[in-house]
Amino acid sequence: MAMQMKIYVPPHPLVKHWLGVARDKNTPSTLFKSAMVELGRWLTYEAIRDWLPTIDTQVETPVGVADATFINPQGAIATIPILRAGLTLAEGAQTILPLASTYHLGLVRDENTLKPSCYLNKLPEKFAPDTRILILDPMLATGGSMMYALEEVVKRGGNIDLTRIICVVGAPPALKELGTAYPTLTIYSAMIDEEVNDSGFIVPGLGDAGDRAFNN
């Protein structure tokens, strides 16, 4: 059976609430940024369900002994926010995964060709074996930026089977390209919209997440 990329749109009411706040064009920049941070928090919460390595042990309570399950401290976790809009999602993700390593990847998209170019790459030379990797980018529109990010992850020994993407809004062009290139990939998104316009923006989307979050 052929592998197929998995896309999850969590039905969590807080995800729906903060997505509505982010979509509204009248939301001020400070509140928009807060909405993106919250979406990063709750989408990360959903994405790591049954995903993190754990260890089973026992602990002593004040009155006895109880079985306990802990996240394995030896399990490497990496978050990769795609700058600059991904920084807002990473801020929320960090509240859930405070010990994860964070590696910044700065990409800018040409307004005419819609192709990404890299201005900052802080990925490690080599990911530790079995590192679980979260890539955070609010918008999956044409897929160019995420394809670039995944290629860089693979170059450095990252395992696509242990890689998950967190976005706020995805669209068919990006999902089709990613699914064709990486059929074992898993994506968590607050919503999937149906259209990308000629300027490369998702419709209805939420506009330019970077500009709105950083008020410029």
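As a starting point, this report considers the structure included with it. (Residues numbered from 1 in each chain as written. Predicted model: local features only at pLDDT ≥ 70, side-chain atom pairs only at ≥ 80, totals over all residues. Heavy atoms only, no water.)

### So, the overall build of the chain
Point 1. When helices and strands are tallied, the chain shows six helices and 13 strands.
Point 2. The C-alpha atoms of the chain give 18 Å as radius of gyration, which agrees with the globular expectation for 216 residues (17 Å, within 12%).
Point 3. Dimensions of the chain, computed from the C-alpha atoms along their principal axes, are close to 65 × 40 × 35 Å.
Point 4. The buried share of the chain, reckoned over its 216 residues, is 46%.
Point 5. Taking the contacts inside the chain whose residues are at least 6 apart along the sequence as the reference set, 65% of them involve residues at least 24 apart.
Point 6. Total accessible area computed for the chain in this model is approximately 11400 Å², and 52% of it derives from carbon and sulfur atoms.
Point 7. Treating the 18 positive side-chain charges of the chain as one cloud and the 23 negative ones as another, the clouds have centres 2 Å apart. (Helix = DSSP H or I, 4+ residues; strand = E, 2+ residues; numbered from the N terminus. Rg over C-alpha atoms; globule rule 2.2 N^0.38 Å. Buried < 20%, exposed > 50% of the residue type's maximum accessible area, 1.4 Å probe, protein only. Contact = heavy atoms within 4.5 Å. Areas by Shrake-Rupley, 256 points an atom, 1.4 Å probe, with all protein chains shown as cover. Lys, Arg positive; Asp, Glu negative; His and termini not counted. Charge placed at Lys NZ, Arg CZ, Asp CG, Glu CD.)

### So, a nonpolar patch on the surface
Point 1. Nonpolar side chains collect at one region of the surface, where Ile 55, Val 59 and Phe 70 lie side by side and expose about 220 Å² of accessible area between them.
Point 2. One can find Val 59 in strand β2 (residues 54-61). (Patch = residues over 30% accessible without salt bridge, like charges linked within 9 Å, V, L, I, M, F, W, Y side chains within 5 Å. Salt bridge = Lys/Arg side-chain N within 4 Å of Asp/Glu carboxyl O.)

### Describing the packing of helix α1 (residues 13-23) against helix α2 (residues 29-47)
Point 1. The contact between α1 and α2 brings their axes to 9 Å, and the two run at 155 degrees. Here α1 lies roughly antiparallel to α2, going by the angle between them. Note on packing geometry: the crossing formed by α1 with α2 is left-handed. Residues Leu 14, Val 15, Trp 18, Leu 19, Val 21 and Ala 22 of α1 pack against Leu 31, Phe 32, Ala 35, Met 36, Glu 38, Leu 39, Trp 42 and Leu 43 of α2. (Axes fitted to C-alpha atoms, helices over the stretch in contact; angles between N-to-C directions. Parallel < 35°, antiparallel > 145°, perpendicular 65-115°, else oblique. Left-handed = near helix turned anticlockwise from the far one by under 90°.)

### What to know about the pairing of strand β10 (residues 163-170)
Point 1. A large share of β10 lies buried, amounting to eight of its eight residues.
Point 2. Of the pairings in the sheet, the one linking strand β8 (residues 132-136) to β10 comprises four bridges and is parallel in character. What sits directly across from Leu 136, in β10, is Ile 166.
Point 3. Relative to β10, strand β9 (residues 139-140) runs parallel, the two sharing two bridges. (Pairing = 2+ DSSP bridges.)

### Things to note about the packing of helix α4 (residues 144-155) against helix α5 (residues 172-181)
Point 1. Two numbers describe how α4 lies on α5: the axes approach to 9 Å, and their chain directions differ by 25 degrees. Considered as vectors, α4 and α5 are oriented roughly parallel to each other. The two elements α4 and α5 meet at a crossing, and its hand is right-handed. Between α4 and α5, the contacting residues are Met 146, Met 147 and Leu 150 on the first element and Glu 177, Leu 178 and Ala 181 on the second.
Point 2. Of the residues that constitute the contact of α4 with α5, the class distribution is five nonpolar, no polar and one charged. (Nonpolar A, V, L, I, M, F, W, Y, C, P; charged D, E, K, R; others polar.)

### Overview of the packing of aromatic side chains
Centre-to-centre distance and the angle between the planes together describe a pair of aromatic rings.
Point 1. Counted by the stated rule, this structure contains three aromatic pairs.
Point 2. On the basis of an interplanar angle of 70 degrees and a centroid distance of 6.0 Å, the ring pair of Trp 42 and Tyr 45 is categorised as edge-to-face. On the criterion of helical spacing, the pair formed by Trp 42 and Tyr 45 is a turn pair, its members being three residues apart in helix α2.
Point 3. Centroid distance Tyr 103 to Phe 127: 6.0 Å. Interplanar angle 90 degrees. Geometry classified as edge-to-face. A residue pair is termed long-range when its members are at least 10 positions apart, and Tyr 103 in the loop between β5 (101-102) and β6 (105-109) and Phe 127 in the loop between β7 (116-121) and β8 qualify at 24 residues.
Point 4. If you follow Arg 109 out to its NZ or CZ, it ends over the ring of Phe 201, 6.0 Å from the centre. (Phe/Tyr/Trp six-rings, centres within 6.5 Å; stacked < 30°, edge-to-face > 60°. Lys NZ or Arg CZ within 6 Å of the ring centre and 35° of its normal.)

### Quick word on the environment of Thr 186
Point 1. Positionally, Thr 186 belongs in strand β11 (residues 186-192).
Point 2. Considering only alpha carbons, one finds Thr 186 and Pro 172, 14 residues apart in sequence, at a separation of 15 Å.
Point 3. Setting aside residues no more than four positions away along its own chain, Thr 186 makes contact with Lys 6, Tyr 8, Thr 163, Arg 164 and Ile 165.

### Thoughts on the nonpolar core
Point 1. With 35 residues, the main nonpolar core has Met 36, Leu 39, Val 168 and Leu 206 as its most contacted residues.
Point 2. Counting only elements with at least two residues in this core, the list comes to α1, α2, α3 (86-96), β8, β10, β11 and α6 (209-214).
Point 3. Residues within four places of Leu 206 in sequence aside, it is in contact with Ala 22, Arg 23, Phe 32, Met 139, Val 168, Val 169 and Arg 212.
Point 4. In terms of nonpolar packing, the next biggest core, distinct from the first, is built from 25 residues, Cys 167, Ala 174, Leu 178 and Ile 187 among them. (Core = buried A, V, L, I, M, F, W, Y, C linked by side-chain atoms within 4.5 Å.)

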